[in-house]
Amino acid sequence: MVLGDASRGPIHPARARAELEEQSPVGAALARGLVRAQLSVAVRLSAVVAVGLGGLPLLFAAVPAIAHARLFGVSLPWLLLGVLAYPFLYLVGAVYVHLAERNEQEFVALVEDRGQK
């Protein structure tokens, strides 16, 4: 979590928390913006997972030759859905964490800039 992680740099979360605790219209708008940005990242990456993994059974149904293909003696659908799905999900999770932390860092920087003015 960026707001509570002092080791990432010279960010002073006390001012950020004070701005948000005041329940000012600016603080509320900033918090809504952060929530909206995090939701946007989550929805976009959920769509990537839904298309990436959900599209495979549709592909197998539409093209039976792929559904019956074998690679290294193992059926291709089993390899894709049973083995390769996990690295794919790990990668999507790592991308989500990176983007979520970037959103939080931008949020804190925005609040810090506001606090210095």
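It should be noted that the structure appears before, not after, this text.
Predicted model only: the values in this text are computed from it and were never measured.

Caption draft 1: Looking closely at the packing of helix α2 (residues 25-62) against helix α4 (residues 76-83). One way to put it is that α2 packs onto α4 with a least axis distance of 11 Å and a crossing angle of 170°. Judged by the angle between their axes, α2 and α4 are roughly antiparallel. Here α2 contributes Leu53, Leu56, Pro57 and Phe60 to the contact with α4, which in turn contributes Pro77, Leu80 and Leu81. When grouped by side-chain class, the residues that make up the contact of α2 with α4 number seven nonpolar, no polar and no charged.

Caption draft 2: Spatial organisation of a nonpolar patch on the surface. Residues Trp78, Val83 and Leu84 make up a contiguous nonpolar surface patch of roughly 300 Å² in combined accessible area. Relative to the elements of secondary structure, Val83 occurs in helix α4. Residue classification places Val83 among the partly exposed residues on the basis of a relative accessible area of 34%.

Caption draft 3: A look at the side chain of Gln38. Mapping Gln38 onto the fold places it in helix α2. Under the relative-accessibility criterion, Gln38 is labelled buried at 13%. A distance of 3.4 Å separates a polar atom in the side chain of Gln38 from the backbone oxygen of Ala100. If near-sequence neighbours (up to four positions away) are discounted, Gln38 is found in contact with Tyr96, Leu99, Ala100, Asn103 and Glu104.

Caption draft 4: Structural view of the environment of Gly54. Along the polypeptide, Gly54 turns up in helix α2. Looking at Gly54, the relative accessible area reads 38%, which means it is partly exposed. Residues Gly54 and Leu81 lie 27 residues apart in sequence; the distance between their C-alpha atoms is 9.7 Å.

What counts as what
Residues numbered from 1 in each chain as written. Predicted model: local features only at pLDDT ≥ 70, side-chain atom pairs only at ≥ 80, totals over all residues. Heavy atoms only, no water. Axes fitted to C-alpha atoms, helices over the stretch in contact; angles between N-to-C directions. Helix = DSSP H or I, 4+ residues; strand = E, 2+ residues; numbered from the N terminus. Parallel < 35°, antiparallel > 145°, perpendicular 65-115°, else oblique. Contact = heavy atoms within 4.5 Å. Nonpolar A, V, L, I, M, F, W, Y, C, P; charged D, E, K, R; others polar. Patch = residues over 30% accessible without salt bridge, like charges linked within 9 Å, V, L, I, M, F, W, Y side chains within 5 Å. Areas by Shrake-Rupley, 256 points an atom, 1.4 Å probe, with all protein chains shown as cover. Salt bridge = Lys/Arg side-chain N within 4 Å of Asp/Glu carboxyl O. Buried < 20%, exposed > 50% of the residue type's maximum accessible area, 1.4 Å probe, protein only. Polar contact = N/O pair within 3.5 Å; in protein donor to acceptor, adjacent residues only side chain to side chain.

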